[in-house]
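# Residue-level structural notes
Okay, here's what each chain looks like letter by letter:
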Amino acid sequence: MVQQLSLYGSLDDASYDLFVSTMTTVSGNPPIAFAKLSTVWIPNPAFQIEGVNTKNQLVEQTRIKLERKLPLSSLTSDDDGKSPAKYTHSIVKSLVGDDIPIEYKQLKQHIGELPRKADPDAMDVDSEESKPVSAAAFDDEPWCVTIADIPAAGNNRKVSMQTINESVLMSHVGPDTSITSIMGGLGYVFQYQYITAGVKFNLKHGLVVELQKIWNVSESSKKQVTKGGFLIKAFINVGKATDIERMNFTESVLLNLQKELQGYVDLAVPDRKSMDSRMGFE
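As a convention, each chain's residues are numbered from 1 in the sequence order in which they are written. Note on the predicted model: pLDDT of at least 70 is required for a residue's local features to be given, and 80 or more for side-chain atom pairs to be given and counted; whole-chain, interface and lining totals, by contrast, use all residues. In computing side-chain properties, one takes all heavy atoms of the structure into account and sets aside hydrogens as well as water.

With an unreviewed UniProt entry as reference, the protein chain is termed Mediator of RNA polymerase II transcription subunit 18, source organism Maudiozyma humilis. For the protein chain, the Sequence similarities (unreviewed entry) comment in UniProt is given as "Belongs to the Mediator complex subunit 18 family." UniProt positions are given in the numbering used here, feature names are shortened, and annotations may be inferred rather than shown by experiment.

Right under this line is the structure:
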């Protein structure tokens, strides 16, 4: 469990090259391109889940997010079979529209594929005909399981502060490697999924700055929710919320970045409700 302190902003498409150049200079490190699949799961509505615990305290249901790395080559149809090294930060700049060459059926096929300890090469697919071309690229990637609390309240907060629990699901023993089956056993069902692609920079003091585009991918459509620009996220993870000295220092690091980019990129505290993963009771 960590306390994540963060600030958010936005950037238009035309400013991408300048921002990458600026952050490369500021960080002293080149940009790292990334892409990931995020799936969101909610408590199964078919179950009657008590809203209180044994001490009669309110227990709120929350969404669970599972994320998995995607190969950058899956985001472009211009694949000439060359080394993956050609997929640099420039690929992100080319992703300007709704359409990306990865299909809902292809993603759904892999929701739940985990490497088995007994047989790491086994695949739970209906047929070779339905197996996506990039199946092998997905198989070795672990799932990151995330449960996040709503950010701390307060009108005077200068940065967002959120408690995040993360765990990595590396492998599964048994005949069924389906994430759907595993999450079903926990009382959760699939709700929606989205794809994130972008670049990130690693700075001093654990500061990470991400520049990303996001697509909602459903059975009927693919839509880029960041069309025309990028979402910027600057964050630092702190191990203990009780480490006040570290928390204050981390806040100052984020505020220094905010000041340094002022007038070019406006980093601010987002509406905490937009980051709330809790489920309302019916």
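Check the secondary structure of the protein chain and you find six helices and nine strands. Buried, partly exposed and exposed residues are distinguished by accessible area as a fraction of the type maximum, computed with a 1.4 Å probe on protein chains only: under 20%, between the cut-offs, and over 50%, respectively. For the protein chain, the residues scored as buried account for 43% of the 282 residues in total. Between two residues, a contact is recorded if the distance between any of their heavy atoms is within 4.5 Å. A fraction of 74% describes how many contacts in the protein chain between residues 6 or more apart in sequence connect residues 24 or more apart. We get accessible surface area from the Shrake-Rupley algorithm with a probe of 1.4 Å; when it comes to residues, only the shown protein chains can shield them. Surface accessibility of the protein chain: about 15,600 Å² in total, with carbon and sulfur atoms responsible for 50%. Counting from the N terminus, the helices are DSSP H or I runs at least four residues long and the strands are E runs at least two residues long.

Counting residues in hydrophobic clusters, the biggest one holds 50 residues, and the most contacted among them are Phe19, Ile195, Leu207 and Val209. Once you skip the residues sitting within four places of it in the chain, Val209 turns out to touch Phe19, Met23, Val199, Lys200, Phe201, Leu203, Ile232, Lys233, Ala234 and Leu257. Grouping buried Ala, Val, Leu, Ile, Met, Phe, Trp, Tyr and Cys residues that are joined through side-chain atoms within 4.5 Å yields what is termed a nonpolar core.

Counting through the fold element by element, Lys233 comes out in strand β9 (residues 229-238). Counted as positive: Lys and Arg. Counted as negative: Asp and Glu. His and the chain ends are not counted at all. One side-chain nitrogen of Lys or Arg within 4 Å of one carboxyl oxygen of Asp or Glu is enough to make a salt bridge. It turns out Lys233 is buried and unbridged, and the closest side chain with the opposite charge, Glu210, is 5.4 Å from it. Any N or O atom pair separated by 3.5 Å or less is treated as a polar contact, with the protein-specific requirement of one donor-capable and one acceptor-capable atom, and with residues adjacent in sequence counted only for side-chain atom pairs. Looking at Lys233, its side chain comes within polar contact range of the side chain of Gln4, at 2.9 Å. Once residues lying within four places of it in the same chain are set aside, the contact partners of Lys233 are Gln4, Leu7, Tyr8, Val208, Val209 and Glu210.

Summary of the metric used: pLDDT quantifies the predictor's per-residue confidence within the range 0 to 100. Scored by pLDDT, the protein chain comes out at a mean of 81, with 80% of its residues at no less than 70. Per-element confidence in the protein chain ranges from a low mean pLDDT of 45 for helix α4 (residues 135-139) to a high of 96 for β9. Segment residues 81-85: pLDDT under 50, and zero contacts once partners within four positions in sequence are set aside and those in other chains are kept. Segment residues 113-138 is flagged for pLDDT under 50; beyond a separation of four residues in sequence, or across chains, it makes 47 contacts in the model.

Relative to the helices and strands, Val265 is located in the segment after α6 (244-260). Taking relative accessible area as the criterion, Val265 reaches 2% and is therefore assigned buried. Once the C-alpha coordinates of Val265 and Tyr8 are considered, the two residues, 257 residues apart in sequence, prove to be 9.7 Å apart. Apart from residues lying up to four places away in sequence, Val265 is in contact with Ser10, Leu11, Phe19 and Ile232.

Moving on: the side chain of Thr146. Mapped onto the secondary structure, Thr146 falls in strand β4 (residues 143-148). Contact partners of Thr146, with chain neighbours within four places excluded, come to Ile64, Lys65, Ile164, Asn165 and Glu166.

Turning to the packing of aromatic side chains, a few remarks are in order. Working definition: a ring pair exists when centres of Phe, Tyr or Trp rings (six-membered ring for Trp) sit within 6.5 Å. Plane angles under 30 degrees give stacked, over 60 give edge-to-face, the rest tilted. Tallied over the entire structure, the rule returns four aromatic pairs. Between the aromatic rings of Trp41 and Phe190, the centroid separation amounts to 5.6 Å while the plane-to-plane angle is 80 degrees, which identifies the pairing as edge-to-face. Of this pair, Trp41 sits in strand β2 (residues 32-43) while Phe190 sits in strand β6 (residues 188-202), and the two are 149 residues apart along the sequence. Here the guanidinium or amino end of Lys233 rests over the ring plane of Phe235, the centre of that ring lying 4.8 Å away. The criterion for a charge sitting over a ring is simple: Lys NZ or Arg CZ within 6 Å of the ring centre, and within 35 degrees of the ring normal.

Before going further, it helps to spend a moment on the pattern of salt bridges. Counted by the stated rule, this structure contains five salt bridges. Across the pair Glu67 and Lys36 runs a salt bridge whose closest N-O atoms are separated by 3.6 Å. Here the residue Glu67 occupies a position in strand β3 (residues 64-69), and Lys36 occupies one in strand β2, the gap between them amounting to 31 residues. In the salt-bridge network here, residues are joined through shared partners; they are Lys36, Lys65 and Glu67.

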